[in-house]
Amino acid sequence: AAGAAPAPADTAYAAPGAAAAPAAGGSCSDQVFSIFNGPQGNDPNGVNIADVVAALNGRFTDAQVREAVESLVNDGHLYSTIDDAHFRSTLL
């Protein structure tokens, strides 16, 4: 019992940050990429970054999402479409 007591306390302490990320789908980049590969990604004009931020329900800031998009573009996973705010996945 003595060994079990610290574990729940540590888990409870870590839960807000640690549990939120996996439950929400992983890193910012992973979640952003999943949105571009989801139903919204089928638009030939791409997905607007503002729509991605909204779809993430405040889990990440606008700046974090833009950084993730830039990284995904640099890695060849996304490309820009009609303007600097719209992108599509290379998988679609």
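What counts, and where the lines are drawn
Residues numbered from 1 in each chain as written. Predicted model: local features only at pLDDT ≥ 70, side-chain atom pairs only at ≥ 80, totals over all residues. Heavy atoms only, no water. Helix = DSSP H or I, 4+ residues; strand = E, 2+ residues; numbered from the N terminus. Buried < 20%, exposed > 50% of the residue type's maximum accessible area, 1.4 Å probe, protein only. Contact = heavy atoms within 4.5 Å. Areas by Shrake-Rupley, 256 points an atom, 1.4 Å probe, with all protein chains shown as cover. Core = buried A, V, L, I, M, F, W, Y, C linked by side-chain atoms within 4.5 Å.

Asks: I tried to follow the overall build of the protein chain on my own but got confused; where do I start?
Replies: Broken down by element type, the protein chain carries five helices and three strands. Listing each helix as α and each strand as β along the protein chain from the N terminus yields α-α-α-β-α-α-β-β. Within the protein chain, the fraction of its 92 residues that count as buried is 28%. Taking all contacts inside the protein chain whose residues are at least 6 apart in sequence as the whole, residues at least 24 apart take part in 55%. As displayed, the protein chain offers around 5,500 Å² of accessible surface, 57% of which is attributable to carbon and sulfur atoms.

Asks: What exactly am I supposed to notice about the nonpolar core here?
Replies: Of all hydrophobic cores here, the largest spans 17 residues; its most connected members are V32, F36, V52, L56, V65, V69 and L78. The dominant element in this core, judged by the number of residues it contributes, is helix 3 (residues 28-36), at five residues. Beyond its immediate stretch of four places on either side in the chain, V52 contacts V32, I35, F36, V47 and V65.

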